[in-house]
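In case you want the letters, here they are:
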Amino acid sequence: MKKSTKNRIRVIGVILFFLYLAVLTYFLFFSEKYGRTAEREFSYNLTPFLEIRRFWNYREFLGLKAVFINLAGNVLAFVPFGAILPVISRRMRGFFRVMLLGFSFSFLVECTQLVTRVGTFDVDDLMLNTLGAVLGYLFFALCDRIRRHIYG
């Protein structure tokens, strides 16, 4: 691939990454539709799988939409994180590096939600977000492998 093409892809990746971060910030901190209003008390869950299990057990009462938004939404929200990072930086092309960065970014988001009382610090969200970043990286790796196979 030509160097100019690589640079163009990298610039587009950076633009997409910042757009992604802006949209993610809105949904995680400002969207009233998803309950992002200041709470009066600190709210947190440190028990792994507690909220996942709760959403699954009460899926009929909560509704499929609420379960999907909470479980799949947390995964899908971080797929672009893991898919775009390796595009914009060669140093971000390792599986464990992307996994660690996805976890760290998710941890930062959860801590910010706790401190600002705009959301809940949830260890299940950390796991689901990290899974999303990993799936995003695997998507990037698959696409990169196909590209290399086709174009050499």
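Residues numbered from 1 in each chain as written. Predicted model: local features only at pLDDT ≥ 70, side-chain atom pairs only at ≥ 80, totals over all residues. Heavy atoms only, no water.

Colleague: Which residues make up helix H1 (residues 3-30), and what are the values?
Modeller: A rise of 1.5 Å per residue sets the reference length of H1, with its 28 residues, at 40 Å; its end C-alpha atoms lie 40 Å apart and thus fit the reference within 8%. Taken together, the buried residues of H1 touch helix H5 (79-88) and helix H6 (95-116). (Helix = DSSP H or I, 4+ residues; strand = E, 2+ residues; numbered from the N terminus. Expected span 1.5 Å × (residues − 1). Contact = heavy atoms within 4.5 Å.)

Colleague: With reference to specific residues and values, describe the pattern of salt bridges.
Modeller: This model, assessed by the stated rule, comprises 3 salt bridges. Arg54 is the partner of Glu51 in a salt bridge, and the nearest nitrogen-oxygen pair spans 2.6 Å. Highlighted residues: Glu51 and Arg54, both in helix H2 (residues 50-57), separated by 3 residues, approximately one helical turn. Taking relative accessible area as the criterion, Arg54 reaches 35% and is therefore assigned partly exposed. One salt bridge in this structure joins Arg147 and Asp144, with 2.8 Å as the shortest N-O distance. Here the residue Arg147 and the residue Asp144 both occupy positions in helix H7 (residues 123-151), the gap between them amounting to 3 residues, near one helical turn. In the salt-bridge network here, residues are joined through shared partners; they are Asp144, Arg147 and Arg148. (Salt bridge = Lys/Arg side-chain N within 4 Å of Asp/Glu carboxyl O. Buried < 20%, exposed > 50% of the residue type's maximum accessible area, 1.4 Å probe, protein only.)

Colleague: Which residues make up a nonpolar patch on the surface, and what values do they have?
Modeller: A cluster of nonpolar side chains, contributed by Val11, Ile12, Ile15, Leu16 and Leu19, occupies part of the molecular surface with about 460 Å² of accessible area. With respect to the element layout, Ile15 can be found in helix H1. Exposure remark for Ile15: the relative accessible area of 48% places this residue in the partly exposed category. (Patch = residues over 30% accessible without salt bridge, like charges linked within 9 Å, V, L, I, M, F, W, Y side chains within 5 Å. Areas by Shrake-Rupley, 256 points an atom, 1.4 Å probe, with all protein chains shown as cover.)

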